[in-house]
Amino acid sequence: MPDMTGLTEVLAATSKDAGPGALLRTVIVVGVVGAVLLAWFLLRGYGKQD
């Protein structure tokens, strides 16, 4: 099993220093991209009715 002490120290340092900002930014970006994709998916068939 490889020694992961360096990785755990980096993860602990980044999670301690970052706070909720990085997670919140990720959630907002994913939500906006999802809303754009949903709008595109719903609107692309709007004009295709016979």
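Residues numbered from 1 in each chain as written. Predicted model: local features only at pLDDT ≥ 70, side-chain atom pairs only at ≥ 80, totals over all residues. Heavy atoms only, no water.

S.K.: Account for the overall build of the chain, naming residues and giving values.
M.R.: When helices and strands are counted, the chain shows two helices and zero strands. In the form shown here, the chain has an accessible surface area of approximately 4800 Å², with 72% of it arising from carbon and sulfur atoms. (Helix = DSSP H or I, 4+ residues; strand = E, 2+ residues; numbered from the N terminus. Areas by Shrake-Rupley, 256 points an atom, 1.4 Å probe, with all protein chains shown as cover.)

S.K.: Talk me through the UniProt feature "transmembrane region" (unreviewed entry) in the chain; I want residue IDs and the actual numbers.
M.R.: Under the UniProt annotation, the feature "transmembrane region" (unreviewed entry) is placed at residues 22-43. Between the C-alpha atoms that bound residues 22-43 the distance is 32 Å, and the span itself is 100% helix and 0% strand. (UniProt positions renumbered as here; feature names shortened; annotations may be inferred.)

S.K.: Give me a nonpolar patch on the surface: which residues, what numbers.
M.R.: Together, Val29, Val33, Leu37, Leu38, Trp40, Phe41, Leu42, Leu43 and Tyr46 make up an exposed nonpolar region whose accessible area comes to about 1000 Å². Tracing the chain through its elements places Phe41 in helix H2 (residues 21-43). (Patch = residues over 30% accessible without salt bridge, like charges linked within 9 Å, V, L, I, M, F, W, Y side chains within 5 Å. Salt bridge = Lys/Arg side-chain N within 4 Å of Asp/Glu carboxyl O.)

S.K.: Pulling in residues and values, what's your account of the packing of aromatic side chains?
M.R.: Following the criterion strictly, the structure yields zero aromatic pairs and no others. In this structure, Arg44 is placed above the aromatic ring of Trp40, and the distance from its NZ or CZ to the ring centre is 5.4 Å. (Phe/Tyr/Trp six-rings, centres within 6.5 Å; stacked < 30°, edge-to-face > 60°. Lys NZ or Arg CZ within 6 Å of the ring centre and 35° of its normal.)

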